[in-house]
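Letter by letter, the chains look like this.
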Amino acid sequence: MKDSQETQKSPDNFPLYHLLIPAAGLATLLLWLLAFAASRIPADLLGMALLLLSLPYIALLLYSQRNCRELTTLRQNQQQMLQRNLELEAEFLQHEHALQQEIQAHAKTHRELTEQRQRIGQAIEASRLGLWDWNLENDSIYHSHFTEIFGYKEDEIPHFMGHLQPLVHPDDYPRLRQTLVSALKGHTAHFQCRFRILHKSGEWRWLEDHGEVVDRHEATGAARRMLGTRRDITEDQEKDDYLQLAWKAFEASGEATYIVDAQSRIIFINQAFVEVTGYSRHEILNQIFWELPCFAKSLGDYKTISRNLRNEGRWEGELTQQRANGETYPQWLRVIRVVSGFQQDSYTIGIFSDMTQRREVEARLNYLAEYDELTGLANRRQFYDRMHQKLAQARLQGKELALLVFDIDRFKAYNNSLGHHAGDQVLKQVAERLSKVLPDAAIMARTGGNEFAVLLRATESRALMAAEYLQQKLHQPFYLDNQELRLTLSMGISCYPQHTHELQVLINQADQARLRCKTLGGNRIQVYNEEIRQNSLEQLRLEQDLRKALERREIQVYFQPKLELSSGKIIAAEALARWHHPEQGNIPPSVFVPLAERTGLINLLGTLVLDISCAQAASWHQQGYAIQVAVNIAAQQVETGQLVEQVDQLLEQYNLPSRLLELELTESTLMEDAEASIIEMQHLRARGVSLAIDDFGTGYSSLSYLQRFPLNVLKIDRSFLISENGHQNQGTLTRAIIALGHGLGMKVVAEGVEEKEQLDELKLLGCDFAQGFIISRPIPANEFNQLLEHYQSAD
């Protein structure tokens, strides 16, 4: 209904409505005519009637045509108005869009300004820069970071000069005032001054001020407002002081230093240069480098060095130089070429050290690499090397050899009762008497703590006679501090070629014969025989039991703490394997570890101990104890090439920080395959795992391998802890090894510390850690926890 009404009111339908009226009238008229015609009305009367009836309709038709024209005009006007409205609407939308763009641009600019203000504010906040605005008319000041810089609240120092003056250092205030007045009067455009201020904490702090006058009186030119910044430069000033101290230390350094300018003139030498070379500063400074006698002996080398500096910028190596007195000395030289930052001039800096003392120490260490320090006999390494040679000669010449291996019965009891110093004296006297009794021996060596080996050019019968004679002589009394001591020996003999043709087998057979003496109570001589071979079958059974124990994870790990001598705290421990046999009881590591090495089980044993140790270290770490656990690594584990992968897996598995794991390797382990060891250790070191050299001085002790391997820790063998002077002086060698380790950037651990005097002396010598029975025996993890709680409560 609504739609029909709107249709009727529509301007487009209105003319059609008016046209329908005349059409209806004409139709009515036509009907009427037809009806009338049927009645035969006269034609004239009919025409008149028709005319009269047509007049209204004609008028209505004319009126309708007029209205149609007006409606057409009206519709045209409406269309024009509609078109204008559309144009206005489009123009409005365009202006509205432009306005929205301006609003968005304004919002974007506002955000950017806000962000910029935030960044500037953050930058100022991060710079710890104090901004100040000083109104000189009322001496009021706005100051950011006020409390941080001065320690006072702002209302405690409301005036810039009047209340600040008492806080400025008396030596600095005149300079501060003069500089400030000069800027206020316009003599200088910028105010800058460094001065000390008394902080509320009571300490003197260095400040640096920068400022400018930004408003002056138009008539008088007097300053009315000043803006500036203030910065605490105490740390910078301390750094400057440190640089001065560093320069003084550089001058006082033990390494000789010289600097050569671009014209080859020496412009600087330090005191060490004078002391090493024997030349005075007057003889060296401002002289041409190539003309000085102190460098003349190696001029050819220096030309090579100069070429190397041009290509690489540095050189390092050993030279032989001559002192002023004509004496030659070995010199380790490091040379670098630097360019000054301002003038871009090239300078050459040479730093060298006199290696004379180092050569002596290295010669001493090299001696120790082949000889036992205590007895002067060959050590294990020298013993093996010379055994190879003698066995090879015997094969070529068809000679017979006999190996005697013996140890002192109950030697540990002598150590415990008489002290280690007395035990060392016994070993020295045994070695001296051995050299006298068997002067013709091919080899004499101390192969272990109280174990000795002698190689004789003799048959089995002659070797047995020599052994009996030696036993008789060593049974004669020894005198220590007016105390008589009689020794008994357990001695094993193996002969070449009667018993074997192989070196290692020969040694093993003699050692098995010695162990046979031990099992029989000692004080006897045993030649290797079939019965001993049968005993090796027992070793085979023990091997099988060990294999099962490893498969069942029956090997336990005990932990022996390491005491940090500087703090007196336990922050590290060494993991040690323990095996409790179900039938034989506790099997000592000295039995099952060599057995594992001989039978190829050492990898399984080492992996198990490493796994348990990492798990325990992670457990301690979760409990809040940062205990670094050291695990012994065998040569076979390194040779597999899988050690790094195993360590990675365990660190990830137990979420253990790598710094809490330390791997201990012996000198012999490192030297089995030096190149492979270096690669493995570099990978481990890169992961943050600490690396230690165990039993330093008992094997391949040499500075060369210490420099080659990336080591963190040097462990001194207990044999170096006691010198001839007893506990009052640990000896120059111990001191030298500690200094050597520190010089190479390594921590030093002394193991086998069993007496308080040793511990005190190690502290005086600067040793970092101590490990031994005086601190604690190896204990299970649960007892170690109690020990940690004890030390923690003691703190």
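Conventions we followed
- Residues numbered from 1 in each chain as written.
- Predicted model: local features only at pLDDT ≥ 70, side-chain atom pairs only at ≥ 80, totals over all residues.
- Heavy atoms only, no water.
- Phe/Tyr/Trp six-rings, centres within 6.5 Å; stacked < 30°, edge-to-face > 60°.
- Helix = DSSP H or I, 4+ residues; strand = E, 2+ residues; numbered from the N terminus.
- Buried < 20%, exposed > 50% of the residue type's maximum accessible area, 1.4 Å probe, protein only.
- Lys NZ or Arg CZ within 6 Å of the ring centre and 35° of its normal.
- Pairing = 2+ DSSP bridges.
- Axes fitted to C-alpha atoms, helices over the stretch in contact; angles between N-to-C directions.
- Contact = heavy atoms within 4.5 Å.

K.L.:
Which residues make up the packing of aromatic side chains, and what values go with them?
P.N.:
Going through the model one piece at a time under the given rule, you end up with 18 aromatic pairs. On the numbers, 5.6 Å between centres and 70° between planes, the contact of F273 with F352 is edge-to-face. Taken together, the residues F273 in helix α7 (residues 271-277) and F352 in strand β10 (residues 346-354) connect sequence positions 79 residues apart. Accessibility classification places F273 together with F352 in one group, the buried group. Each ring, one from F289 and one from W290, has its centre 5.2 Å from the other, and the planes form 90°; the classification is edge-to-face. Its relative accessible area of 7% is what places F289 among the buried residues. Three or more aromatic residues link up through ring pairs in this structure, and these residues are Y258, F273, F289, W290, F295, Y302 and F352. Above the face of the F478 ring, R433 is positioned so that its terminal group lies 3.8 Å from the ring centre. Taking NZ or CZ as reference, R777 lies 4.1 Å from the ring centre of F773, over its face.

K.L.:
Give a detailed account of the sheet that holds strand β12 (residues 443-446), specifying residues and quantitative values.
P.N.:
Taken together, the five strands give an open sheet; going across it, the order is β12-β13-β11-β16-β17, and neighbouring strands pair in mixed fashion. Two strands bound the open sheet, and with one partner strand each, they are β12 and β17 (524-527). On average, each strand axis in the sheet is tilted by 15° relative to the strand beside it, whichever way the strands run. Relative to strand β13 (residues 451-456), strand β11 (residues 401-408) runs antiparallel, the two sharing six bridges. Bridged to L404 within β13 is V454. On top of the sheet, helix α14 (residues 460-475) reaches β11, β13, β16 (489-496) and β17; it is set at about 160° to β16, its chief contact. Sitting on the sheet, helix α15 (residues 503-519) touches β11, β13, β16 and β17, and the angle it makes with β16 is about 150°.

K.L.:
Can you lay out the environment of F191 for me, pointing to particular residues and giving the numbers?
P.N.:
Within the secondary structure, F191 sits in strand β3 (residues 191-198). Here F191 falls in the buried class, since its relative accessible area comes to 1%. Sequence spacing of F191 and G228 is 37 residues, and the spatial spacing of their C-alpha atoms is 8.5 Å. Those residues in contact with F191 that lie beyond four places of it in its chain are W132, L176, T179, L180, A183, D209, H210, G211 and M226.

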